Amino acid sequence: MLARRTLVGAALLLLVAAPLLAQTMTEPHQSTSGPEPPPGVAPKVRGTPPPSPRSVMISGVPGYYWRHGCGPTALGMIIGYYDTHGFDDLIPGDASTQTEEVDQAIASERDAGDPGHFEDYSEPIDDSDTGILPDRSEPPAGDEHEHDSIADFAETSWSLNGSYYGWGYSNRLGDAFLSWVEHRNPDYVPSAHQYRWYDGTLTWEVLTHEIDQDRPMLFLVDSDGDGGTDHFVTIIGYTEEPTQQYACLDTWWPPDEPRWCEFEGMGAGQDWGIYDGWSLRPMAILEVDAGGGAEYTTIGDALADAPDEAWVRVRPGTYTGPGNRDLDPGGKDLWVFSTAGPESTIIDCEGLGRGFYFGSQETEDCIVEGFTIRNGSSDRGGGIRCFFNSSPTLEDLVIQDCHATLLGGGMQIASGSSPSLTRITLVGNTTDGSGGALHVLSAAPDIAYTTICSNGAATQASGIHVAGVSAPTIANTIIAHGTGAGAIFCDPSATPSITHSCVYGNAEDDSLCGDFFENLFLDPLFCDVGEPNLELQDASPCLPYNNEWNERIGAHGAGGCGTDIEDGGRTAVALHPPTPNPFRATTAIVFELPESASVDVTVYDVRGRLVRSLLANEARSPGRHIARWDGRDDRGHGVASGVYFVRLEVAGWVATRRAVLLK
């Protein structure tokens, strides 16, 4: 993150004279101020200390004096700050002080032969006495200069919008920021988000979060408390003592001196009441191509060079060598993503290190998405390790054939970390200790839509070892076919929550621990466990139309395999949905055979327990057959209402359909 201190650095300022505009009531989303405060606004006193020693301020935001409008000037300070903190071509020249280049970037001014913003939209200067004078914002289009300043993109002073000289609308400033950043450098990815006091979206939590992330904000306020918005300010700090207050640079003299204002909405007599605000930030894009077709050939070099916030875009290929393992974002808010997904973008660690390490307190704004990490090796977390309160967002990853000598063959999440894991596939990972796929130690990850298959552990948990005081949330996840140990092992102090997941076929047992409810203990019916192809057969209970929750379970959807097998152009085996379904008395299970075979038709409950054997190794001829279930178990007792699964097995081929019993 960008460094924060309690004082804003001084800046060299340039005073630009302009007439004071009359203050009039306007629409509550428009600025109406001029280069001097309205009457009655208290002057600032240079050197005024912050209200509290614990006040938080962003260091290095330049103070600019009013330049043909408070909107472009306030926005210019934010852009100037980013220019001096990693985005060094957003403002020409030195943005830390108000140079001629800075003035021209805020609002261009030249002459009649080469007009800029001032000549096209401000001359002659209009005010409430003259009324709005037409300018070149009005038709015909094309007689104005090409946009070359922030004020142009903000539509400041445009008579077409009903604005006098220096006036502007808040709803234009987000687009102005986006357009200006694109104008200066299309390799940056800007974002702008508007918050409003009146609808409850501009909150104290929003303000403190943005300032804590070293991102100045922009507010539209009522500086004199007359009930109408009149001024844009740049927000650079906050304090909670003695009251909640914001610190702003208000574009008035002295422009580098912060003003402290109560964090309140607009109201009668409420000076500096807030109408709305903007969070604004640019991000850089760094391109990586293992084949040499981009600026970077290794992911590690791009991570090292990236500013605090950036996109790292990785093209398809296999990435090997020292610059493509033990990848560490270093606490930056980076989106590291592949352009073609995990099937085509492979990080091969070659048994010499792990894929990613997060140990600098990364937040949810650090995102890694769309890679296969193979052949990782370490003592803890063979593919990925999250440590020391590091909580990145991990999505659409395959972690395969990695190994840990101690803990977490595929991953380890430890020491207060709480990352988000979504659509993760952990397959073929091993450990000499516990947690073949994942080891969670005193941490609380959020795990969803994940597939854990064919992992192995020498001691506890081929799937997940929940160790220490850990509280992971596990939902819509498959844990299957583990070797050497059971699916999940929990230490006594661990409290996982496991819901809507499928656990099946793990060595020792498939038992769960912690808070677990509404889970399946049925074969997920992968297309091919051995290859592996972990997409699901059409009859899988992990597909939404085959389970009671109508939800997908696991990282993958249907793979178009399993329900129907083609043999010479005709259907070999087919299991049709039970009819009727739901049912109250009896349901018919229809299946088809292309040739004589021995058939098993069985019914299981959602925990995978055998309820009824309808056909047990019974010979059937080619053609269409029907088995009927009357809602009773093998002892003849009626079973409870609920979801059951009908399973057909023919010569090693298996299909499952859902049946719902209502009473």
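Residues numbered from 1 in each chain as written. Predicted model: local features only at pLDDT ≥ 70, side-chain atom pairs only at ≥ 80, totals over all residues. Heavy atoms only, no water.

The parallel open sheet is built from 4 strands, whose spatial order is S19-S22-S25-S29. Among the strands making up the open sheet, the edge pair consists of strand S19 (377-380) and strand S29 (456-457). With 2 bridges connecting them, strand S22 (residues 403-407) and strand S25 (residues 430-431) associate as parallel partners. In the sheet register, Ala-404 faces S25, and the bridge partner there is Thr-431. (Pairing = 2+ DSSP bridges. Helix = DSSP H or I, 4+ residues; strand = E, 2+ residues; numbered from the N terminus.)

Caution applies to low-pLDDT regions: their predicted coordinates should not be interpreted in detail. Here the protein chain averages 91 in pLDDT, while 94% of its residues score no lower than 70. Low pLDDT, under 50, characterises residues 563-571; the stretch is placed with 20 contacts to residues that sit more than four places away or in other chains. (pLDDT = per-residue confidence, 0-100. Contact = heavy atoms within 4.5 Å.)

The next point concerns the packing of aromatic side chains. Evaluated as defined, the whole model comprises 22 aromatic pairs. Look at Trp-204 and Phe-263: their rings are 5.1 Å apart centre to centre, the planes differ by 70°, and that puts the pair in the edge-to-face class. With Trp-204 in helix H6 (residues 204-212) and Phe-263 in the loop between strand S9 (259-262) and strand S10 (273-281), this pair connects stretches of sequence that are 59 residues apart. On the accessibility criterion, Phe-263 (7% relative accessible area) is buried. Ring pairs connect the aromatic residues Tyr-81, Tyr-82, Phe-87 and Tyr-188, which therefore count as one cluster. Positioned above the aromatic ring of Phe-387, the side-chain terminus of Arg-385 is 4.2 Å from the ring centre. (Phe/Tyr/Trp six-rings, centres within 6.5 Å; stacked < 30°, edge-to-face > 60°. Buried < 20%, exposed > 50% of the residue type's maximum accessible area, 1.4 Å probe, protein only. Lys NZ or Arg CZ within 6 Å of the ring centre and 35° of its normal.)

In this structure, Leu-207, Phe-219, Tyr-246, Ile-299, Ile-384 and Ile-488 are the most contacted members of the largest nonpolar core, which totals 118 residues. Sort the elements by how many residues they give to this core and helix H1 (residues 70-83) lands first, with 8 residues. Setting aside residues no more than four positions away along its own chain, Ile-384 makes contact with Arg-354, Phe-356, Phe-358, Ile-373, Leu-394, Leu-397, Ile-399, Gly-410, Met-411 and Gln-412. Grouped together as the second largest cluster of nonpolar side chains are 27 residues, Val-603, Val-611, Leu-615 and Leu-648 included. (Core = buried A, V, L, I, M, F, W, Y, C linked by side-chain atoms within 4.5 Å.)

So, on to the environment of Ile-553. When you line up the elements, Ile-553 lands in the loop between strand S38 (533-537) and strand S39 (558-561). Along the backbone, Ile-553 and Gly-433 are 120 residues apart, and their C-alpha atoms lie at a distance of 28 Å.

Another aspect to go through is the state of the cysteines. Scanning the model with the defined rule gives 2 disulfides in all. The disulfide bridge from Cys-490 ends at Cys-513, spanning 1.9 Å between sulfur atoms. The sign of the S-S torsion, about 60°, decides the handedness of the disulfide formed by Cys-490 and Cys-513: right-handed. Linking Cys-490 in strand S33 (residues 488-490) with Cys-513 in the loop between strand S35 (502-504) and strand S36 (515-517), this pair joins segments that are 23 residues apart in sequence. A single burial state applies to Cys-490 and to Cys-513, both of which are buried. (Disulfide = S-S within 2.5 Å.)

In this section: the pairing of strand S21 (residues 393-400). Counting buried residues in S21 gives 6 out of 8 residues, a clear majority hidden from the surface. As paired elements, strand S17 (residues 367-369) and S21 share 3 bridges and run parallel to each other. If you follow Val-368 over to S21, its bridge partner there is Leu-394. Bridging between S21 and strand S24 (residues 420-427) involves 7 bridges; their strand directions are parallel. Paired with Gln-400 across the bridge in S24 is Val-427.

A few words now on unusual backbone geometry. Here the residue pair Trp-253 and Pro-254 is connected by a cis peptide bond, since its omega of -10° sits within 30 degrees of zero. Within the element layout of this structure, Pro-254 appears in the loop between strand S8 (245-249) and S9. Pro-532 follows Glu-531 through a cis peptide bond whose omega is -10°. Here Pro-532 shows up in the loop between strand S37 (526-528) and S38. Although it is not a glycine, Glu-350 adopts a positive phi angle of roughly 55°. Its place among the elements puts Glu-350 in the loop between strand S15 (345-348) and strand S16 (356-358). Of note in the backbone geometry, Ala-651 takes a positive phi value of approximately 50° without being a glycine. Overall, Ala-651 belongs to the exposed group, its relative accessible area being 80%.

Attention now goes to the sheet that holds strand S48 (residues 653-661). Strands belonging to one sheet form pairs held by backbone hydrogen bonds; the direction of such a pair is parallel or antiparallel. The strand order S45-S44-S47-S48 describes an open sheet built from 4 strands, whose pairing is antiparallel. Two strands bound the open sheet, and with one partner strand each, they are strand S45 (610-620) and S48. On average, each strand axis in the sheet is inclined to that of its neighbour by 15°, with strand direction left out of account. Pairing analysis gives 9 bridges linking strand S47 (residues 642-650) to S48, with the strands arranged antiparallel. (Axes fitted to C-alpha atoms, helices over the stretch in contact; angles between N-to-C directions.)

Where like charges cluster on the molecular surface, the negative patch consists of Asp-187, Glu-295, Asp-301 and Asp-305. By the secondary structure assignment, Asp-187 is in the loop between helix H5 (173-184) and strand S5 (191-196). (Patch = residues over 30% accessible without salt bridge, like charges linked within 9 Å, V, L, I, M, F, W, Y side chains within 5 Å. Areas by Shrake-Rupley, 256 points an atom, 1.4 Å probe, with all protein chains shown as cover. Salt bridge = Lys/Arg side-chain N within 4 Å of Asp/Glu carboxyl O. Lys, Arg positive; Asp, Glu negative; His and termini not counted. Charge placed at Lys NZ, Arg CZ, Asp CG, Glu CD.)

Looking now at the layout of surface pockets. Reported here for the largest pocket is a volume of approximately 490 Å³. Lining the largest pocket are 19 residues, with Glu-343, Val-398, Thr-425, Pro-532 and His-556 positioned closest to its centre. Elements that contribute at least two residues to the lining of the largest pocket include exactly strand S18 (372-374), S21, S24 and S38. With 4 residues, the single largest contributor to the lining of the largest pocket is S21. Class assignment of the residues belonging to the lining of the largest pocket gives a composition of 8 nonpolar, 6 polar and 5 charged. Taken as a whole, the second largest pocket holds about 300 Å³ of empty space. In terms of lining, the second largest pocket is formed by 15 residues, of which the most central are Asp-187, Ala-284, Ile-285, Leu-286 and Glu-295. (1 Å grid on protein atoms, 1.4 Å probe; cavity = no way out; pocket = protein on both sides within 12 Å on 5 of 7 lines; lining within 4 Å. Points joined across faces, edges and corners; volume = space filled by probe spheres on them. Nonpolar A, V, L, I, M, F, W, Y, C, P; charged D, E, K, R; others polar.)

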